[in-house]
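Next come the chains, spelled out residue by residue.
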Amino acid sequence: MAIKRVDLDQDTFSCSICLDLFKDPGTIPCGHSYCMNCINGFWDGEEKKKIYSCPQCRQTFTARPVLVKNIIVADFVEELKKTGLQAAPADHCYAGPEDVACDVCTGRKMKAVNSCLVCLVSYCEKHVKLHYECPAFDKHKLVEPSKKLQENICSRHDEVMKMFCRTDQQSICYLCSVDEHKGHDTVSAAAERTERQRELEVSRQNIQQRIQDREKDVKLLQQEVEAINQSADQTVEHSEKIFTELIHLIQKRSSDVKQQIRSQQETEVSRVKELEEKLEQEITELKRKDAELKQLSHTEDHIQFLHNYPSLSALSESICFITIHSFCLQHFDRVQRALSETRDILQSILREKWTNILLKITNVDGSLPESEPKTRDEFLKYSYEITLDPNTANRYVLLSEKNRKATFMTVIQCYPNHPDRCTARGQILSRESLTGRCYWEVEKGSGGALVVVAYKDNNTEKRFGENDKSWALGFYKHRYDFKHNNITTPVSGPRSSRVGVYLDHRAGILSFYSVSETMTLLHRVQTTFTQPLYAGLQLNSPTGNTVEFCMLKQGRVTEQKQKVPRFLSTEG
């Protein structure tokens, strides 16, 4: 049956969620109706709780209700549309919880389209028309809808705040300017806004200029990244080519040596076999001769014996094989020694040059500058555990405390021969090479000592501080001095039994500090380091004088020790 007349208004057939006419309406068990998309979207937000509710009456359902289209409500909506009562356009729809509502509307309020800074009221499109049509509102200021209009009202005098107190840096009303802000530097809010607007524009210009500068910097950095990647790729390709050539060269030399050894082996074996055959022939001949002589020995006729003896007793010259045998062994022994020497030379080159290669990789010019530590806590972030190398210890140095403590002795210690051993009395170097940012501390006993940073190259034969490859701080009971390249410089500073050493290899900074309750800089070196460095000591008399590398509480170390890849390691 057709519907002849609709007496119900639009609100009756509007969804309370979207505030518009029902679209595909559905009724839930409590009896309220909603657009199916609206209620499903609402329930999707409650999915985690597994409890579903009605937005109007708040009745809850433990199971999500199954929605079925409400045909009757859908028919009424269609009839409303036919009578010309369409859904309100978006600009005319009702205000929701998040919207600014029109302050003039009665009953259900519409969305505000403007707020007036003079009236301090928000208007919908219908009620704001008066501000555009009536000349009395020409000086009113319309802005985007705002919920914060009440912030423009003075809480003390309930007046619109149209002035600004520069003394107290706050907005005020006219009564405030003659009351608690009397005598202050006050201007109109518009004047203050104009001033601040100029400052804002200047700030924006500065910001925009900085943005342009930073964008240029970013572009340069991107180009730098591209250049770094390209250079690194080329270097990797070149390194792979070099290592491949080295591997092929070693493999070819290995094949050549093997081939020559086998050839020599075949020659020598052939010679030995030839000699063996001759010896076998000689043995056969000797056995035959022995049989003839045996037979002759049993001859009873003396005349016959004497007649035959001269021809049978003569022996051919025996073959000497001892010289040939000795030559074969010596020949292959010499080959083994030559190969061992070659291996030792290659290992020495790898040991010496590999760290330099790593240093070249990490020591990149143009790196971002890093600030030098100021406090001991900041230094401790770079604390590095130093151990002494027994292979470098002079024979008058005794090691203990897991090779962290050195003691000066008058009795020579039984160390095996080693090419790295220091020949100068009382000297020793660390096991670890230093290429990054490192900090360590040493504690001395009653005697004097030198705290040293040095290249290993040639420093095992020289006294520390007497060449250009070592830097040494001498600290004694009553004085300090610094030695480098055979020049001694007196150093002043508070006396302490502990000295701290800070090294920034990349920046070329080496600093020595007196450490007590505070840290005092004793001497600072600014140079360019071209090789990995080693920490070292030089102990002086008396016997029993000790120096120990301290165990420090390590912080966050920003540069880790580089490790030689195992396939190139020269260690066992």
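Owing to the predicted nature of the structure, the values given are computational and were not obtained by experimental measurement.

Parameters at a glance
The numbering scheme is per chain: residues are counted from 1 as the chain's sequence reads. Where local features are concerned, this predicted model is filtered to residues with pLDDT of at least 70; where side-chain atom pairs are given and counted, the filter is 80 or more; whole-chain, interface and lining totals use all residues. In computing side-chain values, all of the structure's heavy atoms are included and hydrogens and water are not. Burial status follows relative accessibility: with a 1.4 Å probe on protein chains alone, a residue under 20% of its type maximum counts as buried, one over 50% as exposed, and anything between as partly exposed. Here a strand is any run of E in DSSP of at least two residues, a helix any run of H or I of at least four, and the numbering for each starts at the N terminus. Think of the arc as the fan of directions from the helix axis to the C-beta atoms. One side-chain nitrogen of Lys or Arg within 4 Å of one carboxyl oxygen of Asp or Glu is enough to make a salt bridge. A patch is a set of surface residues, each over 30% in relative accessible area and not in a salt bridge, joined within 9 Å for like charges and within 5 Å for the nonpolar side chains Val, Leu, Ile, Met, Phe, Trp and Tyr. Under the convention used here, a 1.4 Å probe and the Shrake-Rupley method define accessible areas, while residue burial counts only the protein chains that appear. Strand pairing is defined by DSSP finding a minimum of two bridges between the two strands. Every axis in this analysis is a line fitted to C-alpha atoms, fitted for helices over the stretch in contact. Angles between the N-to-C directions lie between 0 and 180 degrees. Contacts are assigned to residue pairs that have any heavy atoms within 4.5 Å of one another.

J.: Got a sec to walk through helix H1 (residues 36-44)? Specific residues and values, please.
T.: For H1, the set of buried residues is Met36, Cys38, Ile39 and Trp43. Angular distribution of buried residues about the axis of H1 spans 165 degrees; they occupy a single face of the element.

J.: Give a description of the pattern of salt bridges that names residues and reports values.
T.: Within the structure shown, the criterion is met by 23 salt bridges. When the shortest N-O distance is used, the salt bridge between arginine 196 and glutamate 199 registers 3.2 Å. Note that arginine 196 and glutamate 199 are positioned in helix H5 (residues 189-297) at a spacing of three residues, about one turn of the helix. On the accessibility criterion, arginine 196 (33% relative accessible area) is partly exposed. Between arginine 271 and glutamate 268 there is a salt bridge; the shortest N-O distance is 3.6 Å. One end of the pair, arginine 271, and the other, glutamate 268, are both in helix H5, three residues apart, so they sit about a helical turn from each other. Overall, the relative accessible area of 46% leaves arginine 271 in the partly exposed class. If you follow the salt bridges from partner to partner, you end up with Arg166, Glu192, Arg196 and Glu199 in one network.

J.: Tell me about a nonpolar patch on the surface, and name the residues and values.
T.: A contiguous nonpolar patch, built from Ile242, Phe243, Leu246, Ile247 and Leu249 and spanning about 390 Å² of accessible area, is present on the exposed surface. Within the element layout of this structure, phenylalanine 243 appears in helix H5.

J.: Please provide a residue-by-residue account of the sheet that holds strand S10 (residues 186-188), values included.
T.: What the three strands build is an open sheet, ordered S9-S8-S10; its pairing is antiparallel. Each of the sheet's edge strands pairs with one partner strand only, and the pair in question is strand S9 (170-172) and S10. Averaged over all adjacent pairs, the angle separating strand axes in this sheet is 35 degrees, with direction ignored. Contacting strand S8 (163-165) and S10, H5 runs over the sheet at an angle of about 90 degrees to S10.

That's the geometry; what it means functionally is another story.
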